[in-house]
Amino acid sequence: MLIDPPIDKLVEKVGNKYALVGLLSKRSRTLMEKRADYLEQENVNPVSFAAHEVIDGKIELVEEG
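Residues numbered from 1 in each chain as written. Predicted model: local features only at pLDDT ≥ 70, side-chain atom pairs only at ≥ 80, totals over all residues. Heavy atoms only, no water.

## Notes on the side chain of S28
Phase 1: With respect to the helices and strands, S28 occurs in helix α2 (residues 17-34).
Phase 2: Look at S28 and you get buried, because its relative accessible area is 5%. (Helix = DSSP H or I, 4+ residues; strand = E, 2+ residues; numbered from the N terminus. Buried < 20%, exposed > 50% of the residue type's maximum accessible area, 1.4 Å probe, protein only.)

What follows is the structure, encoded as structure tokens:
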């Protein structure tokens, strides 16, 4: 369960919970492919890492269309 950062703060940052799920899952998969060694070494969950990136403003949702 994701506690830190709070989910309500993440939803505010992204716009809605469905977009948040898509953003976090896509970023988590990318992190697992490209930075798996780092995540394992630091003992960090990729979803939590991606959530912190959203809160810190390092990644944001880009709408297609």
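## Brief notes about the packing of α2 against helix α4 (residues 46-55)
Phase 1: Where α2 contacts α4, the two axes come as close as 8 Å, and the packing angle between them is 120 degrees. Between α2 and α4, the angle is such that the two are oblique. Considering the relative orientation of α2 and α4, their crossing is right-handed. Along its contact with α2, which presents L23, L24, R27, S28, L31 and M32, the element α4 presents P46, V47, F49, A50, A51, E53 and V54.
Phase 2: A per-class count over the contact of α2 with α4 returns 10 nonpolar, 1 polar and 2 charged. (Axes fitted to C-alpha atoms, helices over the stretch in contact; angles between N-to-C directions. Parallel < 35°, antiparallel > 145°, perpendicular 65-115°, else oblique. Left-handed = near helix turned anticlockwise from the far one by under 90°. Contact = heavy atoms within 4.5 Å. Nonpolar A, V, L, I, M, F, W, Y, C, P; charged D, E, K, R; others polar.)

## Some details on the packing of helix α1 (residues 7-14) against α4
Phase 1: Closest axis-to-axis distance for the α1/α4 pair is 10 Å, and the angle between their directions is 55 degrees. Considered as vectors, α1 and α4 are oriented oblique to each other. Pair α1 / α4 crosses with left-handed handedness. Only A51, V54 and I55 of α4 make contact with α1, whose side of the interface consists of K9, L10, K13 and V14.
Phase 2: Looking at the contact of α1 with α4 residue by residue, the class counts come to 5 nonpolar, no polar and 2 charged.

## Focus: α2
Phase 1: Between its first and last C-alpha atoms α2 spans 26 Å; for 18 residues at 1.5 Å apiece the expected length is 26 Å, and the two agree.
Phase 2: Lining the buried residues of α2 we find α1, α3 (36-42) and α4.
Phase 3: At the N-terminal end of α2, a side-chain oxygen is found 3.0 Å from the backbone nitrogen of Y18, two or three residues along, and the residue is N16. (Expected span 1.5 Å × (residues − 1). Polar contact = N/O pair within 3.5 Å; in protein donor to acceptor, adjacent residues only side chain to side chain.)

## Description of the pattern of salt bridges
Phase 1: Scanning the entire structure with this criterion turns up 1 salt bridge.
Phase 2: Residue E53 pairs with R27 through a salt bridge whose shortest N-O separation is 2.7 Å. Separated by 26 residues along the polypeptide, E53 in helix α4 and R27 in helix α2 bring together distant segments of the chain.
Phase 3: Taking relative accessible area as the criterion, E53 reaches 8% and is therefore assigned buried. (Salt bridge = Lys/Arg side-chain N within 4 Å of Asp/Glu carboxyl O.)

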